[in-house]
Amino acid sequence: MSQTHAEIDTNPAKKKKFSTHPTPDRVYYIISGFILTLILVAVSYPLIYVLSASFSSGNAVSSGQVLLWPVDFSLEGYEAVFKNKDIVRAYGNTFLYTVLGTTVNVCVVMTCAYALSRPGLKGRNFFMFLFTFTMFFSGGLIPFYILMKDLHLINTIWAMVLPGALSVYNMIIARTFIQSSIPGELIEATSIDGCSDARFFFSFVLPLSKAVIAVITLFAAVGHWNAYFNALMYLNDRSLYPLQIILREILIMNQVDVSMIMDPELQVANAQAAAVLKYSLIVVATVPILSVYPFIQKYFVKGVMIGSLKG
């Protein structure tokens with residue numbers, strides 16, 4: 001009987017026969033791969049369509065000829081984007097708001113997260129309760145507008161920077177990251193050597209928190225780059241408008257100056273001008289953020305996972 005079992009176990013034909021049957025893991029991987037492929041196609045096609053439409057003529061876009069590849073290759077949309085003074089100025093404003101707002105966000109979040117990560121901070125739980133409370137409840141839009149008006153922030157660049165300077169969600173991620181990644185023994189050792197909290201923060205905490213800083217920077221930069229509601233509520237001067245407000249006018253309000261289109265054929269129909277302009281402007285508004293992401297991708301998953309799961 002033992003010899004028969006040995007023959008069965010060592011028979012290559014039998015092993016090959018058993019390996020042909022799909023295992024539950026293999027079925028799972030096949031189904032998951034198929035579903036993820038469908039999701040990839042569903043997400044990728046609109047991006048490809050927008051890019052192709054931005055390099056196509058207005059007539060081709062309006063008539064629905066663009067499906068996957070550019071039709072009647074043209075750069076009129078991009079020429080119109082960069083010839084329009086409002087768009088160029090709004091592009092510069094958006095860069096300013098993004099750089100300044102992201103810097104303020106990262107500084108405020110990291111300093112607050114470090115303070116709340118120290119177990120010796122008196123009233124730490126109370127402060128955490130106050131911060132967490134603001135995630136669920138707020139004073140409302142009208143009181144916030146009155147506050148902005150009393151602070152003389154209406155129609156200034158600070159209306160795009162200071163509101164939301166502290167993201168409680170990002171602060172909790174950074175706080176958890178610091179607690180789980182920086183050992184308390186290191187703090188005790190440096191304090192014995194006479195290291196102050198400020199020096200420890202700049203010399204140890206920040207260099208060891210590159211991953212979570214990259215995540216916070218990406219979150220803040222994307223938020224400021226796409227922000228339009230604050231500009232819609234608090235900015236009256238058109239020279240201070242960010243790019244998203246101009247994009248909103250083209251996409252929703254259909255306010256297009258046809259004189260900035262050089263091709264006479266595109267001046268015939270305002271709809272054609274709006275079509276080619278809006279896709280070109282979407283590409284111009286999206287490329288900077290897409291260009292930054294690959295450089296911080298290696299920190300992104302690490303920072304989010306450690307900051308959200310540990311501790």
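Residues numbered from 1 in each chain as written. Predicted model: local features only at pLDDT ≥ 70, side-chain atom pairs only at ≥ 80, totals over all residues. Heavy atoms only, no water.

A.B. asks: What exactly am I supposed to notice about the environment of L208 here?
C.D. replies: Position of L208 relative to the elements: it lies in helix α11 (residues 197-208). Judged by relative accessible area, which is 46%, L208 ranks as partly exposed. Taking the C-alpha atoms as reference points, L208 and I178, 30 residues apart in sequence, are found 8.6 Å from one another. Apart from the residues lying within four places of it in its own chain, the contact partners of L208 are F177, I182 and L186. (Helix = DSSP H or I, 4+ residues; strand = E, 2+ residues; numbered from the N terminus. Buried < 20%, exposed > 50% of the residue type's maximum accessible area, 1.4 Å probe, protein only. Contact = heavy atoms within 4.5 Å.)

A.B. asks: I tried to follow unusual backbone geometry on my own but got confused; where do I start?
C.D. replies: Peptide bonds are mostly trans, and most non-glycine residues show a negative phi. Positioned with a positive phi, H152 is a non-glycine residue whose angle comes to about 60°. A relative accessible area of 66% places H152 in the exposed class. One non-glycine residue, N155, adopts positive backbone phi at about 65°. Mapped onto the elements of the fold, N155 is located in the loop between α8 (141-150) and α9 (168-181).

A.B. asks: Would you mind going over the pattern of salt bridges with me for this structure?
C.D. replies: Working definition: two side chains of opposite charge can pair if their charged atoms are close together. Throughout the structure, instances matching the rule amount to 3 salt bridges. Linking D86 and R238 is a salt bridge whose minimum nitrogen-to-oxygen distance equals 3.2 Å. On the criterion of sequence distance, the pair formed by D86 in helix α6 (residues 85-117) and R238 in the loop between α13 (229-234) and α14 (243-253) is long-range, its members being 152 residues apart. Using a relative accessible area of 24% as the deciding quantity, one classes D86 as partly exposed. Under the relative-accessibility criterion, R238 is labelled partly exposed at 35%. Where D197 meets R118, a salt bridge forms, and the shortest distance between an N and an O atom there is 2.9 Å. Within this pair, whereas D197 is found in helix α11, its partner R118 is found in the loop between α6 and α7 (124-136), the two being separated by 79 residues in sequence. Owing to a relative accessible area of 48%, D197 belongs among the partly exposed residues under this scheme. Given the relative accessible area of 22%, R118 is considered partly exposed. (Salt bridge = Lys/Arg side-chain N within 4 Å of Asp/Glu carboxyl O.)

A.B. asks: Looking at this model, I keep getting lost on the nonpolar core. Mind explaining?
C.D. replies: Across soluble globular proteins, nonpolar side chains have a tendency to be buried as a group. Residues V61, V81, I87, L235, L243, I246 and L281 are the most contacted members of the largest nonpolar core, which totals 30 residues. Looking at this core, the elements that each hand over two or more residues are α3 (24-54), α4 (58-62), α5 (76-83), α6, α14 and α16 (270-309). Considering each element in turn, this core owes the most residues, 7 residues, to α16. Counting 24 residues, the second-largest nonpolar core is a separate cluster that includes M110, F200, A211 and I216. (Core = buried A, V, L, I, M, F, W, Y, C linked by side-chain atoms within 4.5 Å.)

A.B. asks: Is there a simple way to think about the packing of α7 against α9 in this case?
C.D. replies: To describe two helices that pack against each other, one gives the angle between their axes and the distance between the axes. Remark: α7 packs on α9, axes separated minimally by 9 Å, with the N-to-C direction vectors making an angle of 145°. On the side of α7, the interface is formed by R124, M128, F131, T132, T134 and M135, while α9 contributes V168, Y169, M171, I172, R175 and Q179. Classifying every residue of the contact of α7 with α9 gives 7 nonpolar, 3 polar and 2 charged. (Axes fitted to C-alpha atoms, helices over the stretch in contact; angles between N-to-C directions. Nonpolar A, V, L, I, M, F, W, Y, C, P; charged D, E, K, R; others polar.)

A.B. asks: Looking at this structure, I do not really get the side chain of N93. What am I missing?
C.D. replies: By secondary structure assignment, the location of N93 is in helix α6. What makes N93 buried here is its relative accessible area of 11%. A polar atom in the side chain of N93 sits 2.8 Å from the backbone oxygen of S239. Beyond its immediate stretch of four places on either side in the chain, N93 contacts S239, L240, Y241 and P242. (Polar contact = N/O pair within 3.5 Å; in protein donor to acceptor, adjacent residues only side chain to side chain.)

A.B. asks: Any chance you could explain the packing of aromatic side chains here in plain terms?
C.D. replies: For any pair of aromatic rings, geometry is given as the distance between the ring centres together with the angle between the planes. Under the counting rule described, the total for this entry stands at 17 aromatic pairs. Centre to centre, the rings of F55 and Y78 are 5.0 Å apart; their planes meet at 40°, and the pair counts as tilted. Taken together, the residues F55 in the loop between α3 and α4 and Y78 in helix α5 connect sequence positions 23 residues apart. Exposure remark for F55: the relative accessible area of 24% places this residue in the partly exposed category. Between the aromatic rings of F95 and W225, the centroid separation amounts to 5.1 Å while the plane-to-plane angle is 75°, which identifies the pairing as edge-to-face. Placement of F95 in helix α6 and of W225 in helix α12 (residues 210-226) is noted, with a sequence separation of 130 residues between them. Overall, F95 belongs to the partly exposed group, its relative accessible area being 38%. What makes W225 buried here is its relative accessible area of 3%. Taken together, the ring pairs in this structure connect Y114, F200, F201, F202 and F204 into an aromatic cluster. (Phe/Tyr/Trp six-rings, centres within 6.5 Å; stacked < 30°, edge-to-face > 60°.)

So, to be careful, I would describe these as geometric facts and stop short of saying anything about function.
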